Amino acid sequence: MNFTVTGATGFIGRRLVRRLLAEGHSVHVLSRKVRAGFAPEVRSSAWDPEREDPPADSLSTADAVIHLAGAPVAQRWTPIAKGRIRESRVEGTKRLVGALAALSKRPQALVSASAVGYYGSRGDEVLSEASSPGRGFLSEVCIQWENSAMEAEPLGVRVVRLRIGVVLGKEGGALARMLPAFQWGMGGRLGSGKQWMSWIHVEDLVSLMLFAAQSPNLRGPVNATAPNPVNNAEFTAILADVLRRPALIPAPAFAIRTLFGEMAEILLDGQRVLPQTALAAGFEFRHPGLKSAIQDLLA
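Colleague: Can you walk me through unusual backbone geometry in this structure?
Modeller: The general pattern is negative phi for most residues beyond glycine and trans for most peptide bonds. Here Arg244, not a glycine, exhibits a phi torsion of approximately 60°, which is positive. Here Arg244 is to be found in the loop between α6 (232–243) and α7 (253–260). The exposed category is assigned to Arg244, whose relative accessible area is 74%.

What follows is the structure in structure tokens.
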């Protein structure tokens, strides 16, 4: 298949591109700058999602588009940062769909990233793809983000909206940020530790993206999370056990709010999300349990 990937220079995007090449697919990547670092057979085009439509030739031969581009959420949410987070995701997706509308031959599928932040803070409530959206900044962004992607459906493009949880990988994401403190024996739970963490091994996420692109009957929201979410205290205990380090230094909620401001809500308020649609469609997780997933990543 011919794939176009946006956000390909990120932690997840690079993993995805490597997998696509390994499986014999053709890849055209879109990023803010045409960068080296990809294999010679990867085509590359510059695209600033906040300012312009992607070039037509980056999409004209695509069988599927996997859309990952967006400003990082894990930063202090100043008014400027919030504007960029919203603009890069919502307006960037609109620009992408606008470019698809102008094509005479369109891709069969658009797999567009979203986030479990769609559901907001829900305590112990078990959440599936049928659950209602939550409230707050991130929920609002996810709703608008997904609505922008859905505008491709009237164009005859099958749209899958991946609501991605906490992605675990050694070279990026939440685990990479946590490792130094835990390796020095200075890790601990965040706040009460009762908040749920709906996580996924990065290789399972990449596999689910390809599964979504290649499954003609799969469309709509898909929770990209492992089938066994844990709360933050359990996550902390498992990570410390795998590393054979103590985890005795909790981060108080007030300190997290002081440091991160409004963004602290994604650290202190969780979602208990299950991947019902993926499992019903026949997707098999290689890493359904947290301990084995962390052991695989740190092996």
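Colleague: For this particular structure, what's the right way to read the packing of helix α2 (residues 79–101) against helix α3 (residues 137–150)?
Modeller: As a packed pair, α2 and α3 sit with axes 8 Å apart at the nearest point and diverge in direction by 10°. Between α2 and α3, the interaxial angle falls into the category roughly parallel. Contacts between α2 and α3 involve Lys82, Ile85, Arg86, Arg89, Val90, Thr93, Lys94 and Val97 on the former and, on the latter, Phe137, Glu140, Val141, Gln144, Trp145, Ser148 and Ala149. Its residues assigned to classes, the contact of α2 with α3 comprises seven nonpolar, three polar and five charged.

Colleague: Is there a simple way to explain the nonpolar core in this structure?
Modeller: For soluble globular proteins, nonpolar side chains are generally found buried alongside one another. Judged by nonpolar contacts, the single largest core of 72 residues is most densely connected at Leu16, Leu162, Met209 and Leu239. With residues near it in sequence (within four places) discarded, Leu162 still touches Val111, Ser112, Ala113, Ser114, Ala115, Leu208, Met209, Val222 and Ala224. Listed in part, the 16 residues of the second largest apolar core include Leu30, Ala62, Leu100 and Val157.

Colleague: What is the right way to look at the sheet that holds strand β7 (residues 158–164) in this model?
Modeller: One key point about sheets: their strands pair by backbone hydrogen bonds, in either a parallel or an antiparallel sense. Reading across from one edge, β3-β2-β1-β4-β5-β7-β11 is the order of the seven strands in this open sheet, with parallel pairing throughout. Strands with a single pairing partner mark the edges of an open sheet, and in this sheet they are β3 (43–46) and β11 (220–224). On average, each strand axis in the sheet is tilted by 20° relative to the strand beside it, whichever way the strands run. Relative to strand β4 (residues 64–67), strand β1 (residues 2–6) runs parallel, the two sharing four bridges. Along β4, the bridge assignment pairs Thr6 with His67. This element, α2, spans β4 and β5 (109–115) of the sheet and lies at about 170° to β4. Sheet contacts for α3: β5 and β7; angle to β5, the most-contacted strand, approximately 175°.

Colleague: Where do I start with a nonpolar patch on the surface in this structure?
Modeller: On the surface, Trp184, Met186, Leu248 and Ile249 cluster together to form a nonpolar patch covering roughly 550 Å² of accessible area. Within the element layout of this structure, Leu248 appears in the loop between α6 and α7. What makes Leu248 exposed here is its relative accessible area of 70%.

Colleague: How should the pairing of β5 be read in this particular structure?
Modeller: Consecutive residues of a regular strand have side chains that alternate between opposite faces of the sheet. For β5, the buried fraction is high: seven of the seven residues fall into the buried class. Here β4 runs beside β5; their pairing, made up of four bridges, is parallel. Along β5, the bridge assignment pairs Val65 with Leu110. Read as a crossover between parallel neighbours, the route from β4 over α2 to β5 is right-handed. Sheet topology places β5 next to β7; seven bridges connect them, and they run parallel.

Colleague: Explain the side chain of Gln195 here, please?
Modeller: Here Gln195 is to be found in the loop between α4 (173–183) and β9 (196–197). Gln195 sits in the buried class, given a relative accessible area of 7%. Only 2.9 Å separates the side chain of Gln195 from the backbone oxygen of Leu267, close enough to count as a polar contact. Every residue in contact with Gln195, bar those within four places of it in the chain, is listed here: Leu190, Val230, Asn231, Asn232, Leu267, Leu268, Asp269 and Gly270.

Criteria and cut-off values
Residues numbered from 1 in each chain as written. Predicted model: local features only at pLDDT ≥ 70, side-chain atom pairs only at ≥ 80, totals over all residues. Heavy atoms only, no water. Helix = DSSP H or I, 4+ residues; strand = E, 2+ residues; numbered from the N terminus. Buried < 20%, exposed > 50% of the residue type's maximum accessible area, 1.4 Å probe, protein only. Axes fitted to C-alpha atoms, helices over the stretch in contact; angles between N-to-C directions. Parallel < 35°, antiparallel > 145°, perpendicular 65-115°, else oblique. Contact = heavy atoms within 4.5 Å. Nonpolar A, V, L, I, M, F, W, Y, C, P; charged D, E, K, R; others polar. Core = buried A, V, L, I, M, F, W, Y, C linked by side-chain atoms within 4.5 Å. Pairing = 2+ DSSP bridges. Patch = residues over 30% accessible without salt bridge, like charges linked within 9 Å, V, L, I, M, F, W, Y side chains within 5 Å. Areas by Shrake-Rupley, 256 points an atom, 1.4 Å probe, with all protein chains shown as cover. Salt bridge = Lys/Arg side-chain N within 4 Å of Asp/Glu carboxyl O. Right-handed = clockwise from strand over helix to strand, strands pointing away. Polar contact = N/O pair within 3.5 Å; in protein donor to acceptor, adjacent residues only side chain to side chain.

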